[in-house]
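Summary of the model geometry
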There are 2 protein chains.
Amino acid sequence: MNIKRLNTQKAGFDAELKALLAFETAQDDSIDQVVANILKDIKARGDAAVLEYTNRFDKTGATSLAELEIPQAELQAALASLPAAQREALQAAADRVRSYHEKQVMQSWQYTEADGTLLGQQVTALDRVGLYVPGGKAAYPSSVLMNAIPAKVAGVQELIMVVPTPNGEKNPLVLAAAAVCGVTRVFCIGGAQAVGALAYGTETVPQVDKIVGPGNAYVAAAKRRVFGVVGIDMVAGPSEILVISDGQSNPDWTAMDLFSQAEHDELAQAILLSPSAEFLDQVQASIARQVTDMPRQEIIRTSLQNRGALIQVKDLDEAAEICNYIAPEHLELSMDDALAFSKKVKHAGAIFMGRDTCEALGDYCAGPNHVLPTSRTARFSSPLGVYDFQKRSSLIMVSSEGAQKLGKIAATLAYGEGLQAHARSAEYRLK
Amino acid sequence: MNIKRLNTQKAGFDAELKALLAFETAQDDSIDQVVANILKDIKARGDAAVLEYTNRFDKTGATSLAELEIPQAELQAALASLPAAQREALQAAADRVRSYHEKQVMQSWQYTEADGTLLGQQVTALDRVGLYVPGGKAAYPSSVLMNAIPAKVAGVQELIMVVPTPNGEKNPLVLAAAAVCGVTRVFCIGGAQAVGALAYGTETVPQVDKIVGPGNAYVAAAKRRVFGVVGIDMVAGPSEILVISDGQSNPDWTAMDLFSQAEHDELAQAILLSPSAEFLDQVQASIARQVTDMPRQEIIRTSLQNRGALIQVKDLDEAAEICNYIAPEHLELSMDDALAFSKKVKHAGAIFMGRDTCEALGDYCAGPNHVLPTSRTARFSSPLGVYDFQKRSSLIMVSSEGAQKLGKIAATLAYGEGLQAHARSAEYRLK
C-alpha cells in the first residue's frame, strides 16, 4: 500500500505539504441551483412542498407531514428495545458529555462604575433549535448526543430533529439517542427540504432559530443559503487526524488510530509526524499488515493513499510548528509529557494527550464534543459547545452623571462623522 | 410627515408587524457573479489583480501594491494633527471600549476526574485578523475602534486594515483611529478585491484568519463567499432601533433617538412602542417639528416613512413580547426600573436602560460594542466581542484507568455504528 512519505528536511517540503492539505471546497453550482429552487418552493408552499420532495427523494408514501412525525412513545420504545449493553453505553456516554458541557455554560455579568453607570452582558439561550441527522449509512447516534446535549444544557426549550428515512427505514439507535437527549419532536424528512422547513417554518414544522448537524452536499448548500435567516453551526469538510509521536509509541496502536480516521470516508485525512524514521517505517509496515483485516479496508486504503502521509520531522518543536500550520481537527500527542507539549499548540479542534488517549474515546464518551472545525478552520473556530446555543445582549445603563461625561465625547465624535441626530440625542441628556 | 401608527388591539396587527419587519436580504445574483470572478482573479494573480481593480474602481494611479500601504508614521501624523477635542474624544472612547472588552476575555479551563482523566478547553487568540473599513461617506472612525479593540484585547498579534480611498482621498479620522488602536498595517484597497487579498493572501497583503467590519453589497457578497477559507463576523443588514416608553419620557428626546437611527440610511428602521396613545401623539408631533431642523432630514424622512412605526401596546408586558419577536439590534427602555424590565428581554443586540441612556452613547463611548446583530438575528447571535477573536481547543488526557472504562463504552458504540477501526483503537488500550 502506497502512503506518502515526506521529510521536512528535503527540498520542496512546504509545497508538498500545501498540496497535501489542499482541499477544494468549491461549491458545486448545479447542486446550489437545485437547492435554491427547493428552498424557494418550501418557503412558498410549506408542508405540501416538503411532502412532495420527501416522497420523491426518500420514496416514502406519506399523505401528510404529520404522518412523518415520530411520536415520543416510539422514541422511548426504541431506547427500551436496545440490547442492554448498547443502551447502557449510550446513557453513560450521554452522562459524560452532559457533565463536561455543563462546565461551558456562560453566565451574565455586569459591573457598576464609580458614577453609577452599569455595564455588562445578559446571556440567554436560543428558543428553538433544529438538529439535522443524516439517514442511511452515515446515521450516527453519537452525533445526536453531541449536537443535542449542548443545546439542552444551554437551556434551549425546543429541539426539533429531522432525519431522512429512505424507503421508510428508521435507525433504532438514532431514535434511542433522541430519547436519551430529550429531543422535543422528530420528523422523518431530510435534504434541502428539511433545512428549508426548519429555516422558514411550515404549517407542521416549527421555525427554528439555528440549525446544527452534519449532512451531504445538498444539506451543506442549503445551510449556507439559509444562514442569516437562522444561525448555522458550520459547513464541515472531511474529517482529519494529525498524530505526533516521539517515536516511542506502539506502531500498531498508531496505525489503528490513523485507520479510525481514514475509515470515515475516502476524503478523510490521516497524517503522522515523528522525528523517528524507524518509527515511521514500523507504522508503515503495521498499516500494510493490519489493513487487510479491516471491514472498511477499501475506504481506508483510498483515504490513506490519496490524502494520508507519514512525515519525518527534525524534532518535536518542528512538529508543533507544522501542526499549527495544519490546524488539525483532531490532534493526538503520543509522547511523554503531552500536557507540556500542548501549550505549544495554537490551532487544533481537539487535543488528545498521552498514549492511552485515542481519538475514538473523544468521538463517543470522553465528554468533549466531537463536532470540531475541519479544513484548517481551527485557526478561527471552536468545537461545538453550549456557547453555540447561548447569546449575549449588551447591558448599558448610564447614570445621570455618566451621561454628562459620555454625552460630550459622543457628541464630538458624532459631529466628526456627520451624524447630527446622534450628537443632538446625546446633548439632550446634558444638564 | 407620514409615519405608520399601529395598535396591537386592532385586527390584522400581527400581519402588519410582520410586513413592517420584512426585509428581503436576497443576494443579488449579478453582484454575486461579479464578486465570484474578482475573487477567482485575486486568488490566481495576487498583487497584479488587486492593483488593477483598485486603479479601475478607486481611480488610484498606483504602480505597485506597496505604494498603497500607509506607513505607520502617516497614521501617527493623522492622530497628532487632529483638533485636540477630537483627539481626546477618540482616546477616551478607545479607553472605555478597551476596559469594557477586557471583561470578556475567555480563559482556558480544565478539571481532573477521580481516575486521573483530565478534560478542559484551551483558549487561544487568532493569529492575524483583517479589518475592512468602508471608504467615502460611510467612513466611521468609531467603527475602527469597535472592530480593532476587541481583537487587540483578545491577543491577536497582527491587524491588517483595508480601506478604499477613492481618488486617493484619505479620511484623517479613520487613520487616527487606526493609530489609536495599534493597527499593524493599513492598505488603501477596498471592495471584493480587498476581501480576496485578505482571504487568500497576495505577495504584499498577508493572508488573515478572519475578516471583520462592514461594507457594501460587493463586500458582503465577497465575505459570504470566502467564509470557510477564513472566518467572517457577520453579514449585517440595515441598522434598527426599538424604543419602549412607559409614556413618561420627553417626547423630543424620544423623537431624536428615533432620528439617530433613521439618519444612518434610508433602509434603517426606528420603531416606538408605548401603552400611551397621548405619548405617541406627542412624539409624532415632535418628529414633524424637529425633522425640518436636521441636516440629514431627507434620509430621516424616507427611513421613518417607509420603515418606521409608532405602535400602541396594551401594556409593557405586551411590549416585551413584541420586542422578543422583533429581536431588535438596539433596544431603548425609556421607563422607571428599566433594569427589572430587561429581565423580560430574551432577544436584543444591546439594551439601553433608563431615560438618560440614549443609543448614541453606546455607538461611541459607553464601552460595549456597536457591531450588533441586525434583522432579527439577535435570536441567535451576539454583539462583536473579544470572544470572536479567540477560539477553543478541547483538552483530553485519559488516564490508564480511565481508558479501561471509556474504551469499553466507545467500542460498544463504535461497533453499533459499524466503525470497527474506532472500536479496535479503543480496545488496544484495554489491559
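Since the model is a prediction, treat every value here as computed from it, not as a measurement.

**Points about the overall build of chain A**
Counting its secondary structure elements, chain A contains 17 helices and 15 strands. Its C-alpha atoms put chain A at 80 × 60 × 45 Å along the principal axes. Counting over 431 residues, chain A shows a buried share of 62%. Taking as baseline every contact in chain A between residues at least 6 positions apart, the subset at least 24 positions apart corresponds to 74%. Carbon together with sulfur atoms contributes 50% to the accessible area of chain A, which is approximately 15,300 Å² in total. Across chain A, the centroid of the 40 positively charged side chains sits 6 Å from that of the 50 negatively charged ones.

**Topic: the pairing of strand β5 (residues 128-132) of chain B**
Residue and element names in this part refer to chain B. Here β5 lies mainly inside the structure; four of its five residues are buried. Relative to strand β8 (residues 210-212), β5 is paired through three bridges, and the arrangement is parallel. Within the sheet, the bridge partner assigned to Val129 lies in β8 and is Lys210.

**Focus: helix α17 (residues 420-428) of chain A**
Buried within α17 of chain A we find Gln420, Ala421, His422, Ala423, Ser425 and Ala426 of chain A. Looking at the buried residues of α17 of chain A, the elements they touch are α16 (400-416) of chain A together with α10 (251-262) and α15 (359-364) of chain B.

**Here we look at the interface of chain A and chain B**
By a frequent convention, interface size equals the accessible area lost on bringing the separate parts together. Taken residue by residue, the interface counts 114 residues in chain A and 114 residues in chain B. Together chain A and chain B conceal approximately 10,600 Å² of surface at their shared face, both sides included; 57% is due to carbon and sulfur atoms. Joining chain A to chain B, the criterion identifies ten salt bridges. Measuring nitrogen to oxygen at the nearest pair gives 3.2 Å for the salt bridge that ties Asp127 of chain B to Lys346 of chain A.

**Quick notes on the side chain of Ser394 of chain B**
Positionally, Ser394 of chain B belongs in strand β15 (residues 390-397). With a relative accessible area of 1%, Ser394 of chain B lands in the buried category.

**A word on unusual backbone geometry**
Residues and elements named next belong to chain A. Although it is not a glycine, Asp337 sits at a positive phi angle of roughly 45 degrees. With respect to the helices and strands, Asp337 occurs in the loop between β13 (330-334) and α14 (338-342). In this structure, Ser375 is a non-glycine residue whose phi angle is positive, near 50 degrees. Mapping Ser375 onto the fold places it in the loop between α15 (359-364) and β15 (390-397).

**Re the domain arrangement of chain A**
Once the domains are mapped, chain A shows domain 1 (4-23 + 238-379), domain 2 (46-108 + 127-232) and domain 3 (398-428). Relative placement of domain 1 of chain A and domain 3 of chain A: their C-alpha centres are 56 Å apart.

**Side note on the UniProt feature "binding site: Zn(2+)" (unreviewed entry) in chain A**
The residues that UniProt annotates with the feature "binding site: Zn(2+)" (unreviewed entry) are Gln261, His264, Asp363 and His422 of chain A. Spanning 162 residues, the annotated positions stay apart in the fold, the maximum distance between their C-alpha atoms being 55.6 Å. Mapped onto the secondary structure, Asp363 of chain A falls in helix α15. Residues within four places of Asp363 of chain A in sequence aside, it is in contact with Ser142, Met146, His330 and His370 of chain A together with His422 of chain B.

**A closer look at the UniProt feature "binding site: NAD(+)" (unreviewed entry) in chain A**
Residue and element names in this part refer to chain A. Sites flagged by UniProt as "binding site: NAD(+)" (unreviewed entry) map to Tyr132, Gln193 and Asn216. Taken together, the annotated residues stretch across 85 residues yet fold into one region, lying no more than 12.7 Å apart by C-alpha. By secondary structure assignment, the location of Gln193 is in helix α8 (residues 191-200). For Gln193, the residues in contact, after removing those within four places along its chain, are Ile38, Ile42, Val50, Tyr53, Thr54 and Phe57. Only 3.0 Å separates the side chain of Gln193 from the backbone oxygen of Gly190, close enough to count as a polar contact. Residue classification places Asn216 among the partly exposed positions, given a relative accessible area of 45%. A distance of 3.0 Å separates a polar atom in the side chain of Asn216 from the backbone nitrogen of Tyr218.

**With respect to the sheet that holds strand β2 (residues 69-70) of chain B**
Paired through their backbone hydrogen bonds, the strands of a sheet run either parallel or antiparallel. Residue and element names in this part refer to chain B. Taken together, six strands build an open sheet; the order of strands is β2-β7-β6-β5-β8-β9 and the sheet is mixed. The open sheet is flanked by β2 and β9 (231-232), the only strands paired with a single partner. When β2 meets strand β7 (residues 185-187), the two strands line up antiparallel, connected through two bridges. Pairing of Glu69 across the sheet is with Phe187, part of β7.

**Some remarks on helix α13 (residues 316-326) of chain B**
Residue and element names in this part refer to chain B. Along α13, the residues that are buried comprise Glu318, Ala319, Ala320, Ile322, Cys323, Asn324 and Ile326. Check the buried side of α13 and you find it contacts α1 (13-21), β10 (240-245), β11 (269-274), β13 (330-334) and α14 (338-342). Phi for Ala327, located one or two positions after α13, is positive at around 50 degrees.

**Quick look at the relation of the copies chain A and chain B**
After a rotation of 180 degrees and a shift along the axis of 0.0 Å, chain A superposes on chain B with an RMSD of 0.0 Å. When the rotation and shift are considered jointly, the pair of chain copies conforms to a two-fold rotation axis. Considering only C-alpha atoms, the part of chain A nearest the rotation axis is Arg224 of chain A, at 4.4 Å. When you check the interface residues of chain A against chain B, 100% turn up at the interface there too, and the contact is symmetric in its surfaces.

**Some points on the pairing of β15 of chain A**
Among the eight residues of β15 of chain A, seven are classified as buried, and the element is accordingly described as predominantly covered. Of the pairings in the sheet, the one linking strand β4 (residues 118-125) of chain A to β15 of chain A comprises eight bridges and is antiparallel in character. Bridging from a neighbouring strand, Val123 of chain A pairs with Arg392 of chain A of β15 of chain A. Note that β15 of chain A and strand β14 (residues 350-353) of chain B share three bridges and pair parallel.

**Describing the packing of aromatic side chains**
Under the criterion given, the structure shown has seven aromatic pairs over all chains. Both rings, one in Tyr53 of chain A and one in Phe57 of chain A, keep their centres 5.9 Å apart while their planes meet at 20 degrees; by these two values the pair is stacked. With Tyr53 of chain A and Phe57 of chain A both in helix α3 (residues 47-58) and four residues apart, the pair spans about one turn of that helix. The class for Phe57 of chain A is partly exposed, based on a relative accessible area of 41%. Linked through ring pairs, Tyr100 of chain A together with Trp109 and Tyr111 of chain B together constitute an aromatic cluster. Here the basic side chain of Lys210 of chain B rests over the ring of Phe389 of chain B, its NZ or CZ set 5.9 Å away from the ring centre.

**What about the sheet that holds strand β10 (residues 240-245) of chain A?**
Spatially, nine strands are ordered β1(A)-β12(A)-β11(A)-β10(A)-β13(A)-β14(A)-β15(B)-β4(B)-β3(B) in an open sheet, and the strand pairing comes out mixed. Strand pairing shows two members of the sheet lacking a second neighbour, β1 (4-7) of chain A together with β3 (109-112) of chain B, which therefore form its edges. Averaged over neighbouring strand pairs, the angle between their axes works out to 20 degrees when direction is ignored. In this fold helix α13 (residues 316-326) of chain A packs onto β10, β11 (269-274) and β13 of chain A, with an angle of close to 170 degrees to the strand it touches most, β10 of chain A.

**Brief notes about the pattern of salt bridges**
Scanning all chains against the criterion turns up 40 salt bridges over all chains. In this structure, Asp233 of chain A and Lys223 of chain A form a salt bridge, with 2.7 Å as the shortest nitrogen-oxygen distance. Note that Asp233 of chain A is positioned in the loop between β9 (231-232) and β10 and Lys223 of chain A in helix α9 (residues 217-226), a separation of ten residues in sequence. Comparing Asp233 of chain A with Lys223 of chain A, the two get one shared label, buried. Residue Arg429 of chain A is joined to Asp257 of chain B by a salt bridge in which the shortest nitrogen-to-oxygen separation is 2.8 Å. Here the residue Arg429 of chain A occupies a position in the segment after α17, and Asp257 of chain B occupies one in helix α10, the pair thus bridging two chains.

**Quick look at the state of the cysteines**
Residue and element names in this part refer to chain B. A full pass over the atoms with the stated rule returns zero disulfides over all chains. Of all cysteine sulfurs, the one in Cys181 lies closest to Cys188, which takes part in no disulfide; the gap is 17 Å. The thiol sulfur of Cys358 is not disulfide-bonded, and the nearest other cysteine sulfur, from Cys365, lies at 8.9 Å.

Rules behind the numbers
Residues numbered from 1 in each chain as written. Chains lettered and ligands numbered in written order. Predicted model: local features only at pLDDT ≥ 70, side-chain atom pairs only at ≥ 80, totals over all residues. Heavy atoms only, no water. Helix = DSSP H or I, 4+ residues; strand = E, 2+ residues; numbered from the N terminus. Buried < 20%, exposed > 50% of the residue type's maximum accessible area, 1.4 Å probe, protein only. Contact = heavy atoms within 4.5 Å. Areas by Shrake-Rupley, 256 points an atom, 1.4 Å probe, with all protein chains shown as cover. Lys, Arg positive; Asp, Glu negative; His and termini not counted. Charge placed at Lys NZ, Arg CZ, Asp CG, Glu CD. Pairing = 2+ DSSP bridges. Buried area = accessible area lost by both parts, 1.4 Å probe. Salt bridge = Lys/Arg side-chain N within 4 Å of Asp/Glu carboxyl O. Domains from an automatic or database assignment. UniProt positions renumbered as here; feature names shortened; annotations may be inferred. Polar contact = N/O pair within 3.5 Å; in protein donor to acceptor, adjacent residues only side chain to side chain. Least-squares fit on C-alpha atoms with pLDDT ≥ 70 in both. Phe/Tyr/Trp six-rings, centres within 6.5 Å; stacked < 30°, edge-to-face > 60°. Lys NZ or Arg CZ within 6 Å of the ring centre and 35° of its normal. Axes fitted to C-alpha atoms, helices over the stretch in contact; angles between N-to-C directions. Disulfide = S-S within 2.5 Å.

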